[in-house]
Amino acid sequence: MKKIYLLIFLILFANCGKPNYPKIDASFERFDTSLLKYIDNHGNFLPDGSYVEVRVTSEGKYIYHRIPKNSYYKIVKEYYPNGNIERKYITLCVESNSLYNEYYFKENGEIEKIINHDLEYSFTFDKVLAFCRKKGIKNIPKGVKYSSAWRTEIHQMIGEEGKLLWFIEWKKHNHKSELFLLDGKTGELLGHGYGAWSFE
């Protein structure tokens, strides 16, 4: 019985702190043009509650954005004019740097390269969320229903000598903000202060 409890603990511990990203992978795919008709007829919400937008560039490329229901994340996919996938990655739902794996494809559909951004920012966004919960930081954008003015801003930044950072701006009343600066690899609190809103 003790062995069973130990096994359960190890499984839970192994999953603790792992980013809960929406699923993307290195598989080939083509843009589904029927999605354009669906949006025209039914709007931007899919039956599963996801919010989706599609933009066609002047070069004929398709840019696909999908925010899963109640998610902090956004899936972005870019397609060549021939419909083949060109690039796919995950970012925060209000835009940010790429998170997790970023996949690049050749125009013929072959995988070209994979960049794992979590190797750079080993203090992942889920760990930033845990920090925010500990500090009582609220109004973190989630899904498509958030206030653009009052939302808490979370951004990846590069400091002196290429140091990777997380910048958190917790907006409060009277256009005042509480500011936090975290090490992007260790999560160490490098700076804490107050100021006026820097993003509106």
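In the block above lies the structure referred to throughout.
Each value, and the rule that gives it
- Residues numbered from 1 in each chain as written.
- Predicted model: local features only at pLDDT ≥ 70, side-chain atom pairs only at ≥ 80, totals over all residues.
- Heavy atoms only, no water.
- Pairing = 2+ DSSP bridges.
- Helix = DSSP H or I, 4+ residues; strand = E, 2+ residues; numbered from the N terminus.
- Axes fitted to C-alpha atoms, helices over the stretch in contact; angles between N-to-C directions.
- Contact = heavy atoms within 4.5 Å.
- Core = buried A, V, L, I, M, F, W, Y, C linked by side-chain atoms within 4.5 Å.
- Buried < 20%, exposed > 50% of the residue type's maximum accessible area, 1.4 Å probe, protein only.

A. Up close: the sheet that holds strand β10 (residues 189–196). With antiparallel pairing, the four strands of this open sheet are ordered in space as β7-β8-β9-β10. A strand with exactly one partner marks an edge of an open sheet, and here the two such strands are β7 (153–158) and β10. Across the sheet, the axes of successive neighbouring strands diverge by a mean angle of 20 degrees, strand direction being ignored. Two strands pair when backbone bridges link them, and β7 and strand β8 (residues 164–171) are joined in this way by six bridges, in the antiparallel orientation. Within β8, the residue paired with I154 across the bridge is I168. In the packing of helix α3 (residues 125–135) onto the sheet, the strands contacted are β7, β8, β9 (176–183) and β10, and the crossing angle to β8 comes to about 40 degrees.

B. The arrangement of the nonpolar core in detail. Ranked by internal contacts, the top residues of the largest apolar core, which has 34 residues, are F125, V128, I154, W166 and I168. Of all the secondary structure elements, the ones that give two or more residues to this core are α2 (34–42), β2 (62–67), β3 (73–79), β4 (85–92), β5 (99–105), α3, β8 and β9. Here the element with the most residues in this core is α3; it accounts for five residues.

Note that all results are geometric; they support no functional claim without further evidence.
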